[in-house]
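Structural characterization, general
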Amino acid sequence: MAMADERKYAMKKGMIAALAVLVVILAVVFSMAICKPEETAETPSFNEVVSGEEAEPVYSLSPEQIKQMKMQIVEQRLEKMMPICDALMRTVATTGSEYDADNPAFVWMSLYIAANQGVGVRDEYVVDENYDVTIPGWSVLELLHAGFADRDELISFPKRLDYVTYDENDGSFCFTGADFSALSASVSSYIMNSDGTYIVTMMLVDNETQEYASFEFHMKNNPDYASDIVNCYPMRITSVTMTS
């Protein structure tokens, strides 16, 4: 009988010890849960790729990398501006006229050259069997805004104009086809100003003699431009000057 009582006492003592250990473990776990710092969501930074509602962090960009990215964007936008820049340089060089948004002859000569230079670049340009180029009215207006920032509407035709006709039925313009491959245009340098304007130096080179003329363009960002819209010029030109 005494042996049985001792066994019961030992079992009870063991159970009490086990319960004590369990209580200690639970207390430690509970205290850790209380002391765990609350997680906070960080605001996505410049160096994060945002997709939907989640932001995936990427490697941080150095100031030099950011500068290179900005330069790449500007160069891509200048490339889209080349048809009208090329046209303005040729108009200044061949006519001896200064850049003038109020001169009908200058404006339409520039649009005529730009129309031919845009063939193969702009999807809405239609070329017929005579190589004449037909462009919708809205596209000609975009070309005008890109080349002449201060003009909101198309200027009237000059008295003598034999290289462009207007179709009243659909509002399109037909420009006489021409080959301007004897000269080529390129960007020499550019400066990005803090106010969002640009000073761009371009060259017009004679492909045979390698003689060239230099031009300085002043441009500003086009507020209506969106990079996902193909038919829109990213900049607007405010002035063009032949420098040499």
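First, a word on scope: everything that follows refers to the structure included in this document.

On to the overall build of the protein chain. When helices and strands are counted, the protein chain shows 4 helices and 10 strands. Relative to its 244 residues, the protein chain shows a buried fraction of 31%. Here the analysis covers contacts within the protein chain between residues at least 6 apart in sequence; of these, 52% occur between residues at least 24 apart. About 16,200 Å² of surface is accessible on the protein chain, with carbon and sulfur atoms providing 56% of the total.

Moving on, we get to the pattern of salt bridges. All told, the structure shown has 3 salt bridges when counted by the stated rule. Ionic pairing is found between aspartate 102 and arginine 151, a salt bridge with its closest N-O pair at 3.2 Å. Residue aspartate 102 is found in the loop between helix H2 (63-95) and helix H3 (104-117), and its partner arginine 151 is found in the loop between helix H4 (137-147) and strand S5 (164-167); the two are separated by 49 residues along the sequence. Judged by its relative accessible area of 17%, arginine 151 falls in the buried class.

Right, let's talk about the environment of lysine 220 for a bit. Mapped onto the elements, lysine 220 comes out in strand S9 (residues 212-221). Here the alpha-carbon distance between lysine 220 and proline 234, two residues 14 residues apart in the chain, equals 8.9 Å. When residues no more than four places from it in sequence are discounted, the contact partners of lysine 220 are Ala149, Gly196, Thr197, Met235, Arg236 and Thr238.

Our focus in this paragraph is the pairing of strand S7 (residues 183-192). The pairing of S7 with strand S8 (residues 197-206) spans 9 bridges and is classified as antiparallel. Each residue of the ladder has a partner; that of tyrosine 190, found in S8, is valine 200. Connecting S7 to the antiparallel partner S8 that follows it, the hairpin turn spans 4 residues, and glycine 196 within it adopts a positive phi of roughly 85°.

For the rest of this paragraph, the subject is the nonpolar core. A general trend in soluble globular proteins is that nonpolar side chains are found buried together. Grouped together as the largest cluster of nonpolar side chains are 48 residues, with contacts concentrated most on Leu88, Trp108, Phe175, Phe217, Met219 and Ile237. Of all the secondary-structure elements, those providing two or more residues to this core are H2, H3, strand S4 (133-135), H4, strand S6 (172-175), S8, S9 and strand S10 (235-242). Ranked by the residues each element gives to this core, the list is headed by H2, at 10 residues. In this structure phenylalanine 175 touches Trp108, Leu111, Tyr112, Ala115, Asp132, Val133, Ile135, Val140, Tyr163 and Val164, once residues within four positions along its chain are discounted.

It is worth spelling out the sheet that holds S8 at this point. In spatial order, the strands read S7-S8-S9-S10; together these 4 strands make up an open sheet with antiparallel pairing. The open sheet has two edge strands with one neighbour each: S7 and S10. Pairwise comparison of adjacent strand axes, ignoring direction, gives a mean angle of 25° for this sheet. Bridging between S8 and S9 involves 9 bridges; their strand directions are antiparallel. The partner of threonine 201 across the bridge, within S9, is glutamate 216. This element, H2, spans S7, S8, S9 and S10 of the sheet and lies at about 130° to S7.

We now examine unusual backbone geometry. The backbone of tyrosine 131 shows a phi angle near 70°, a positive value even though the residue is not glycine. Looking at the element boundaries, tyrosine 131 is found in the loop between strand S3 (126-127) and S4. Unlike most non-glycine residues, glutamine 210 shows phi in positive territory, near 65°. By the element assignment, glutamine 210 lies in the loop between S8 and S9.

Moving on: the packing of aromatic side chains. Following the criterion strictly, the structure yields 10 aromatic pairs and no others. Centroid distance tyrosine 99 to phenylalanine 106: 6.1 Å. Interplanar angle 85°. Geometry classified as edge-to-face. Like tyrosine 99, the residue phenylalanine 106 is buried in the burial classification. In textbook terms, an aromatic cluster arises when at least three aromatic residues are bridged by ring pairs, as seen for Trp108, Phe157, Tyr166, Phe173 and Phe175.

Calculation notes
Residues numbered from 1 in each chain as written. Predicted model: local features only at pLDDT ≥ 70, side-chain atom pairs only at ≥ 80, totals over all residues. Heavy atoms only, no water. Helix = DSSP H or I, 4+ residues; strand = E, 2+ residues; numbered from the N terminus. Buried < 20%, exposed > 50% of the residue type's maximum accessible area, 1.4 Å probe, protein only. Contact = heavy atoms within 4.5 Å. Areas by Shrake-Rupley, 256 points an atom, 1.4 Å probe, with all protein chains shown as cover. Salt bridge = Lys/Arg side-chain N within 4 Å of Asp/Glu carboxyl O. Pairing = 2+ DSSP bridges. Core = buried A, V, L, I, M, F, W, Y, C linked by side-chain atoms within 4.5 Å. Axes fitted to C-alpha atoms, helices over the stretch in contact; angles between N-to-C directions. Phe/Tyr/Trp six-rings, centres within 6.5 Å; stacked < 30°, edge-to-face > 60°.

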